[in-house]
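Below are the chains, spelled out letter by letter.
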Amino acid sequence: ASCTSTSKDARLVVVKHEGGVASDPSRYGYNDIATQALTSNSSKTRRNLAEVMCHLYGDHFLWGVNSSSAEQPLSISTWIESSGLASTAKRCQERLGTMFETSFVVGEVHGAAFLGSSCVRAFRLAIAEEESNNDEEEHSNISDCWEHCCGLVSLLGKGVGHSDIAIGNACSKGIVIAFSYDGQDAPILNQKLFDAMAIAFDAMAIALKKFSSIDHVDPTRASSLIQAAGLLLAASTSGAGFTKGAVSDDKDGNNNSIDLGPARLQCTEALFGILGSAVYRKDDELSLIVGEALVKYADALGAGEWSTGSDSEWKEGSYDEAYAFNLPPHRHVLYTMFRRELLSSNPMKRNSCAATLLALIGHASRMANIDPSSVQRAFVQEMWKHLSLFQSSFIKLLSDPKSKQLSRESCCKGLAACRGLAAVVTSSIEENGELLSQVESLNEKLLKAFGQSTTYSQSAMMESETQALDRRNEAEGNNGANGQETQVGGAAGMSEATLGAYREMASAAISLDQIDVLYSLLILSTNHPMWLMSEMRDRYSARALLGKAEGASVEDIRLSLRPHLGKLIPKLLRACNDPSKQTRENMNNLWLALTGGGAESRAIVTQNLLPTIDVLIQEAGSKLWRARAGACGALADIIVGRSWQDLGGGGIELDDEGSFTMPTASIRLLRLWKITMRALDDVRTAVRERGETLGRGLRALTIRLCDPTVTDISQESDVYLSNAQRKQREKQSQISAEYAATVSLGWLVKYGLNQQCAEAAGICVSCLLGIVDVAKPSTLQPVLAELIGSLLMAMSGLEPAALNYLQVRAAGNDTTSQGTSGPDQYDRLERLRINLALSGPIAGALQKCLDMVRFVDLDAQKKLIPELDSSLRKGAGFATRAATADAVGNLCGTCPSAFSFSGSSMSNPTVRLLRALYFASERERGVTAKDKMTHALGSLAELAPGKAVRILSLKACERYIHASGSNNDPSIRKAAAATIRAIAVRASNHLADGGPKDIWCNKVLPTAFLGRHDKDAKVSSLWKDVWDEGGSAISSMDRRDVFGVLLQEKLLPHIVKATFSALQSTSWANRRAGCAVLIELTDANILAPIPRSTGDENSYSREEIDRLRQRAKASSVLLSECVTIILRNRIWEGKGDVVKAGTIIAGKWSASAPMNGKATEFSEKCDWPLVLQKDSRDDLFRGDSWFKLSKGKLSDENDEVGSDDTNNTANEMNGQNSEDDIALDLSGENDLGDDEQLNGESAESDVEEYLGSQPVVFSGFCGVLLDQALRTSSNNSTEGVLPYKASALSGLSALLKSVVPAKNSKEYAETVEHQRFMYDLAAPSLFSFVAENQSTNSKPVPPLLIARALECLASAMYYGIGADAGGAEYADAVRLLKFFALSTGTKQPAWTVRQMSALAASSLVANMPSEVLKKTEVITTILECSTQTLKDKKFWKVRLSGLELLLSLVSRVGNQKMSTVDAEKQLIMEAILPYKERIIDLARKSLADSESQVTATASKISLTMAWWP
């Protein structure tokens, strides 16, 4: 088919006539081709062979009788006969007619449709040509051929609606082939085809309606039908007015003709019905095919004369169908389009009109541009006449918010076609001397429609009054009474973005002062796949539509606009990122068409990068939100992968305020960050979204600029560089990276991290982290200190406030469901928050910065210390303070030289930071943060000046001591202890230098020794560590002014001062701690005489004497203070500890105390703290006559106001419920001076000298204890009274027991005499106290006190008691024993009283004279008492006391051998022997007791009596 269509020789070879007959009948010829076109199994073969036959039939010169006459055309009859056309047409008619039968061969019908249509086309065109040349009489074979061709046309028409798709499409394509023609005007249709054409039109209209309806939607068949309908309408133009009445009846009088004219109109209406139909929704490209079909219908006859409606204007009013049907085709089409289709209420139909109008105006413009003489055609003239209406319609459809891509792009091409047609027509008229301004009018109207005027008059973005009226009429169902066209521009309810892309194009054209550029941009903005199809590409190209207006193709347009890209690029890029999706799509198409896309587009942007960035930065600050959004999006696209030089190069500029004629890269980078922050905090969502995109792009750009390893040289180009060039480029990259880092970090640190918008702050933090990741230390050195400070502040600044709210509220609850206390839960949440903060990205960046510090210069390192101090003081959250503490600890280990400053006052940054750490830890509520701060303080103290560390330690000790009682503050106490511990553990080098006041020994370690007994276990543990660590350092020092081995004794004078202060404190907790210290020192035999020397007893070295004097002096001071406290009337919880401590000290010194003014071997070496003196009965301190004072003087006139720390423990809990995210108040730092003066040092020395001047009298001390225990209180229910009285009696008992005579000593007699003195002094009161309790009328006394009184009475007994019979009951051994026996009876309910009564009887038995003991009454009383106690099965201690009584009795006999008999003991044994069996029986019964001590005592009794007879 391709060969025969182009080569005459090929056609001649196929036909091959010689001498009038075929030269070789067996040769494959045209008859074989025709046969195979009907019978071949391949549809493609059938189509191509039918096309070959069409080519052969169309070349009339092939069918001559001989070759000599081949150049002469044959007559129609000869041609028919030679070619066999009639027989071929007949066969095709027969085969085609079978398609309506029940069974048929599809392939034959398919081939008949194509071959038959080829016959019809050849015959129809041949007849038309013959009729124009001569008027010969018709031959018979011509009539037969007419008959067959008419039958084929009618069958093809009927077959277009066949149910078989292949047959239907074949019939449609057959009609296209049959009625196709060459040239602009359709050939005159022979009247013999009218009836067949009418039948075909009728069937075509039915098929078009069928396959465009929703029930039988088929876009493919509809497309074939539309093309066939267009050619049918074009071919039948000459018979447009044919009706039945125009022809004569047949011989029967019947009119068998069908109206061709009405059939044509029905088919035309069916074509209009395709627009907006169901099939259009399936394939919107059908609207353009409909337009092509209507073009064929409207322009089939270029200069014909029409009987009606050829010159008159359109009828006024709404659409009139009758009037429309009487119009010529070109006017009929336009009238229907503008008066009916475009005014439809169906938006789908209105949108479909755009492509149809494009087909109409595009055809006219294309013809006019190809052949200017075509402007005289009726169709073109009609287009020109309504050109303004076309433009207005395109603008209206373009601004329709419901328009689709094909509709919008059809409008763009349609506007360009209007411009192209106007240019051709105007130039043609100008040549004739007539000047028209139609082009300028079109341009002005278009620009106004796109809003490019100062007043926006007639803008398509504004609704005119007429349009508002039409919109209301349409809403009410009334399309308007007059049907007049509305004003240009506007669309009801349309937003500003509807024409955004085209407004930008118009703006670009205005900026270039070349209006025609707008049409080029409109053409370039189209990219629908339909325009790329081969049959559409040339038909709707820029050359075809614009013609003389541009005179170039798309490539030519692109090249012509290249010089103007500098001004176009900012506008185009901004429009490509417009918030409107429609605008973005259109402008992206335009951008790709204009720049080519890909690397070519980037290269064009790179050539105009700096002005583009400057313009877009300015647009990003516009008042119009669409401009801001578009500019941000465009900037995000073009800044990707740029270098410092691409942005303008230059040095460091930290301020972009003011005007810069030549902005540098620094200025542009700062402005980019500013507009990004504004965009992220914009009120418009679209702007914020574009701001996020720009933020991510700017972050990547900034990180890339700060990376010194990044280079713009490709790997291929790098291999050609020399080493010197490569080093030069690396150096330049490092310089650029340093510039970028300085500028970026400076802005991020100062402004970025302080952004109120969370998204903006997040982008800044992310960028900052990225810069830290890639930058080198040398790059960050100028801003490293400020950067670290900002990162520390950001640790809490970027933390969610909800975490602090949760922690504070959780801590406000006293207990949780599991019973966890509020502070514990608070601490757990605090640890969680700190771990969360320290494991985040900011912490990672901070750690990297800290790791870089050691690689920078020392000056840069020292700049960091004030930043750390500032972040610690200004930090609004404990996450910042904890991170600062970690940073200090890190730097102390990696960069110790950074903390080396001169001076030790607050002018020294290290000292200032040290003090800030202490007070921050003191005021911090969280345990974890406190621990980090104290850890950092210890590390920093090692590097700080010694004087500053000593001052801080001294003040910490003072604050610890003062933060008790009414000033109780647990946080201060914990902070002080933790601070001293950190210094002792981590800065132990400072312990070697105590300064001029030796504060470590004078203050710190004594305070630590005292703090070891703090009631808070955590604080106590901290002070224990201080004592252990600090004590080890002090003990290793060579000191000549200390004694002993234990550290307590070495520091005894200082510990005594601290303990003395604690005992004088108003805090009861401090007093108890002081008492605990006294007990510990006494238990360690430090507040006691030195141990005796193993050598000569009377020889003492000078060192031993000094050591004894130190101990005596310390004991004297502390004992005196204890006695003074005991004398005070007020009883408080823990006062019993003072009694215990005092009695223990006194007991240690009483054994070797001077007696009655006679010094012992120890007491003569120093002033003894305690004396035994009978003649000082009224003295408490020797010579003070304290017991002779009046009752007024005995009262405590200056009774101190004590307070317990528990009164204020709630303060700490309440403090934790306050907000954590506030800066700490470090005002207490101002109280720290710069001297090392110990507060109260002189006062303590004066008190020590005063109180140590006179020793305590043993009897006086015992009298005071007795008075304190037995006195009646005004309020017996006062808390602590009973324990205190019990402690006083226990102390008295211990004190009385401490004076024990040694039988072999010289002072034995005096000691016994002093015991008797003490018994006579204490026994009356004790016995009276106990005896009164036995009477039923007495006020009940707690059994505990009775038991303690009995214990004191037993301790006071001396050897030989009861020797003077007839005295007081307490002095009569027998009566006293009976009293004890009575107390052990069942009438006594208190088991403690029964126990102590038996033990008192045991003491009495051990000390009574033998004469009394031998009495039967005494022995029986003893046995009675023991028997009563052993009956107690509940309390084993009571049973044990009874056995102790028996053991005392049998022990008086001793374990003597018969060879050395003591007469006195022999007599006692003889007195007891009658009761031996009873005693042994009691002992044996007790051997089965469940308590081991009871059985042990029973065994002793049995063992003692084993040798008895």
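Data block above holds the structure.
I will try to describe carefully the structure that is included in this document. All values derive from a computational prediction rather than experimental measurement. (Residues numbered from 1 in each chain as written. Predicted model: local features only at pLDDT ≥ 70, side-chain atom pairs only at ≥ 80, totals over all residues. Heavy atoms only, no water.)

### Remarks on the overall build of the protein chain
Applied cut-off: For helices the rule is a DSSP run of H or I covering at least 4 residues; for strands it is a run of E covering at least 2, with both sets numbered from the N terminus onward. Each residue's exposure class comes from its accessible area (1.4 Å probe, protein chains only) as a fraction of the maximum for that residue type: buried when under 20%, exposed when over 50%, partly exposed otherwise. Here, residues are in contact when the closest pair of their heavy atoms is within 4.5 Å. Under the convention used here, a 1.4 Å probe and the Shrake-Rupley method define accessible areas, while residue burial counts only the protein chains that appear.
Secondary structure assignment for the protein chain yields 71 helices and four strands. Looking at the 1509 residues of the protein chain, the share that counts as buried comes to 55%. Taking contacts inside the protein chain between residues at least 6 apart in sequence as the whole, the part at least 24 apart equals 73%. Accessible surface for the protein chain amounts to roughly 64200 Å². Of this, 49% is attributable to carbon and sulfur atoms.

### A word on the packing of aromatic side chains
Our working rule: By convention, a stacked pair of Phe, Tyr or Trp rings (six-membered ring in the case of Trp) has centres within 6.5 Å and planes under 30 degrees apart, an edge-to-face pair has planes over 60 apart, and any other such pair is tilted.
Per the stated rule, a full pass over the model turns up 20 aromatic pairs. An angle of 80 degrees between the planes, with centres 4.7 Å apart, marks the rings of F123 and W146 as edge-to-face. Of this pair, F123 sits in helix α7 (residues 106–133) while W146 is found in helix α8 (residues 140–159), placing the two residues 23 residues apart along the sequence. When sorted by exposure, F123 lands in the same class as W146, which is buried. With centroids separated by 6.4 Å and ring planes inclined at 40 degrees, the aromatic side chains of F390 and F394 adopt a geometry described as tilted. Pair noted here: F390 and F394 are both in helix α19 (residues 387–398), with a separation of four residues, about one helical turn.

### Focus on helix α42 (residues 841–853)
Rule in force here: By this rule, a helix spans an expected 1.5 Å times one less than how many residues it contains.
Helix length check: α42, at 13 residues, gives a terminal C-alpha distance of 19 Å against a target of 18 Å (1.5 Å per residue), a fit within 8%. Looking only at α42, the buried set comprises I842, A843, A845, L846, C849, L850, M852 and V853.

### Focus on unusual backbone geometry
For N1085, which is not a glycine, the phi torsion comes out positive at approximately 60 degrees. Considering the arrangement of structural elements, one finds N1085 in the loop between α54 (1068–1083) and α55 (1102–1127). On the basis of relative accessibility, which here comes to 39%, the residue N1085 falls in the partly exposed class. Positioned with a positive phi, S1185 is a non-glycine residue whose angle comes to about 50 degrees. Note on placement: S1185 falls in the loop between β3 (1170–1171) and α57 (1191–1194). Using a relative accessible area of 29% as the deciding quantity, one classes S1185 as partly exposed.

### Let's talk about the packing of helix α65 (residues 1391–1407) against helix α68 (residues 1436–1451)
Note the following rule: The convention used is that axes are lines fitted to C-alpha atoms, helices contributing only their stretch in contact, and that angles between N-to-C directions extend from 0 to 180 degrees. Roughly parallel means an angle under 35 degrees; roughly antiparallel, over 145; roughly perpendicular, 65 to 115; everything else is oblique. Charged means Asp, Glu, Lys or Arg here, nonpolar means Ala, Val, Leu, Ile, Met, Phe, Trp, Tyr, Cys or Pro, and polar covers whatever is left, Gly included.
Viewed as axis vectors pointing N to C, α65 and α68 meet at an angle of 10 degrees, and their least axial separation amounts to 8 Å. Judged on the interaxial angle alone, α68 and α65 are roughly parallel. Along the contact surface, α65 presents W1391, R1394, Q1395, A1398, L1399, A1401, S1402 and V1405, while α68 presents K1437, V1438, S1441, G1442, E1444, L1445, S1448 and L1449. Counted by class, the contact of α65 with α68 contains eight nonpolar, five polar and three charged residues.

### A word on the side chain of K930
The condition is simple: For this analysis, a polar contact is any N or O atom pair within 3.5 Å, provided that within protein one partner can donate a hydrogen and the other can accept it, and provided that sequence-adjacent residues contribute only side-chain to side-chain pairs.
Relative to the assigned elements, K930 resides in helix α47 (residues 927–941). A distance of 3.3 Å separates a polar side-chain atom of K930 from the backbone oxygen of E924. The residues touching K930, leaving out its near neighbours within four places in the chain, are S921, E922, E924, R925 and S971.

### Looking at the pattern of salt bridges
Our working rule: Any Lys or Arg side-chain nitrogen found within 4 Å of a carboxyl oxygen on Asp or Glu counts as a salt bridge.
By the definition in use, this model includes 37 salt bridges. Note that R628 and D682 form a salt bridge whose closest N and O atoms lie 3.0 Å from each other. Highlighted residues: R628 in helix α32 (residues 625–638) and D682 in the loop between α33 (665–680) and α34 (685–706), separated in sequence by 54 residues. By the burial criterion, R628 is buried, and D682 matches it. The partner of D886 in a salt bridge is K932, and the shortest N-O contact between them spans 3.2 Å. Remark: K932 occurs in helix α47 and D886 occurs in helix α45 (residues 878–894); sequence separation between them is 46 residues.

### Section: helix α71 (residues 1492–1504)
For α71, which comprises 13 residues, the first-to-last C-alpha distance of 18 Å matches the rise-based estimate of 18 Å (1.5 Å per residue) to within 8%. Buried within α71 are the following residues: V1494, T1495, T1497, A1498, I1501 and T1504.

### Structural notes on the state of the cysteines
For clarity, the cut-off: Two cysteine sulfur atoms form a disulfide, by the criterion used here, when they sit within 2.5 Å.
A complete count under the given rule lists zero disulfides for this structure. Among the cysteines around C150, which has no disulfide bond, C149 carries the closest sulfur, lying 7.1 Å off.

### Considerations on the environment of V217
Take V217: it is sitting in the loop between α10 (194–212) and α11 (219–235). Distance in space between the C-alpha atoms of V217 and A278 is 6.7 Å, their sequence separation being 61 residues. With residues up to four places along the chain from it excluded, the contact list for V217 reads F211, A278, V279 and K282.

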